[in-house]
Amino acid sequence: MQAIWDKDHVLLDQRVVADVDRSFWSERARVVIEGVPWEFGKDGSERIGTIVGEPAARCRAARPSFWRQNWVIAIGATTRYEIAPEGAFRRSYAVTRDGQWIGSSSVGGFWSIKPTLDIADDVPVADAVFLLWIAFLMRARANQAASQAG
């Protein structure tokens, strides 16, 4: 299945599955996934996804090393994803679930940081939206680092 970030929406196989209201200055967003309101935000160095009204985050993403770009994402207590660059000079990321390759993330165009995600059909919609969010943050951070280096 293919997930696409389209302005303020996430499309999954060409149908809108989430509305996104992103905070411009921080890595936070209010997201409505299939009618369920979520908050994507921060908890220390982790990025989290919490259903509004629930006390604990359902999704947690962290970078295991400052020196690497990859993120490890835990969904509940049972599922673990990882998003990592496919190579030093490639713009695409590999996506794995529990150590098995399930897809990749790229961008919509050469100048765009808006990610696309091509993943296995059995990935739950909420997981796909959170993975797309993390891919977006990875690209935004990489672009920011590149602009500061230049």
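Preceding block: the structure.
Residue positions are given per chain, counting from 1 as you read along its sequence in written order. The predicted nature of this model means local features are confined to residues of pLDDT at least 70 and side-chain atom pairs, given and counted, to a pLDDT of 80 or more, with totals for whole chains, interfaces and linings taken over all residues. To get the side-chain values, take all heavy atoms of the structure and skip hydrogens and water.

Draft legend 1. Focus on the nonpolar core. Core analysis: the biggest nonpolar cluster contains 38 residues, and Val31, Phe40, Ile73, Val129, Phe130, Trp133 and Ile134 have the highest contact counts within it. In what follows, residue pairs with any heavy atoms lying within 4.5 Å of each other are defined as contacts. In contact with Phe40, not counting residues within four places along its chain, are Glu27, Arg28, Ala29, Val31, Ile33, Ile48, Gly49, Val129, Phe130 and Trp133. What is meant by a nonpolar core is a set of buried Ala, Val, Leu, Ile, Met, Phe, Trp, Tyr and Cys residues, joined one to another through side-chain atoms within 4.5 Å. Note on exposure labels: buried denotes an accessible area under 20% of the residue type's maximum, exposed denotes more than 50%, and partly exposed covers the range between, all computed with a 1.4 Å probe on protein chains only.

Draft legend 2. Highlighting the packing of aromatic side chains. Centres within 6.5 Å are what make two rings of Phe, Tyr or Trp a pair, Trp counting through its six-membered ring; a difference in plane orientation under 30 degrees is then read as stacked, over 60 as edge-to-face, and the rest as tilted. Going through the model one piece at a time under the given rule, you end up with six aromatic pairs. Taking the centre distance of 5.2 Å and the plane angle of 85° together, the rings of Phe40 and Phe130 count as edge-to-face. In this pair, Phe40 sits in strand β5 (residues 36-43) while Phe130 sits in helix α1 (residues 125-149), placing the two residues 90 residues apart along the sequence. Of the two residues, Phe40 and Phe130, both sit in the buried class. When the centroid spacing of 5.8 Å and the interplanar angle of 50° are considered together, the rings of Phe40 and Trp133 count as tilted. Of this pair, Phe40 sits in strand β5 while Trp133 sits in helix α1, and the two are 93 residues apart along the sequence. Ring pairs connect the aromatic residues Trp5, Trp38, Phe40, Phe130, Trp133 and Phe136, which therefore count as one cluster. Helix numbering and strand numbering both begin at the N terminus, where a helix is a DSSP run of H or I of at least 4 residues and a strand a DSSP run of E of at least 2.

Draft legend 3. A look at the environment of Ser92. When you line up the elements, Ser92 lands in the loop between β9 (79-85) and β10 (93-97). We classify Ser92 as buried; its relative accessible area is 11%. The spatial distance from the C-alpha of Ser92 to the C-alpha of Ala135 is 9.7 Å, given a sequence separation of 43 residues. Residue contacts for Ser92: discarding those within four places in its chain leaves Pro85, Glu86, Ser105, Ser106 and Arg139. Here a polar contact is taken to be a pair of N or O atoms separated by no more than 3.5 Å, where protein atoms must pair a possible hydrogen donor with a possible acceptor and residues adjacent in sequence count only if both atoms sit in side chains. Separated by 2.5 Å, the side chains of Ser92 and Glu86 make a polar contact.

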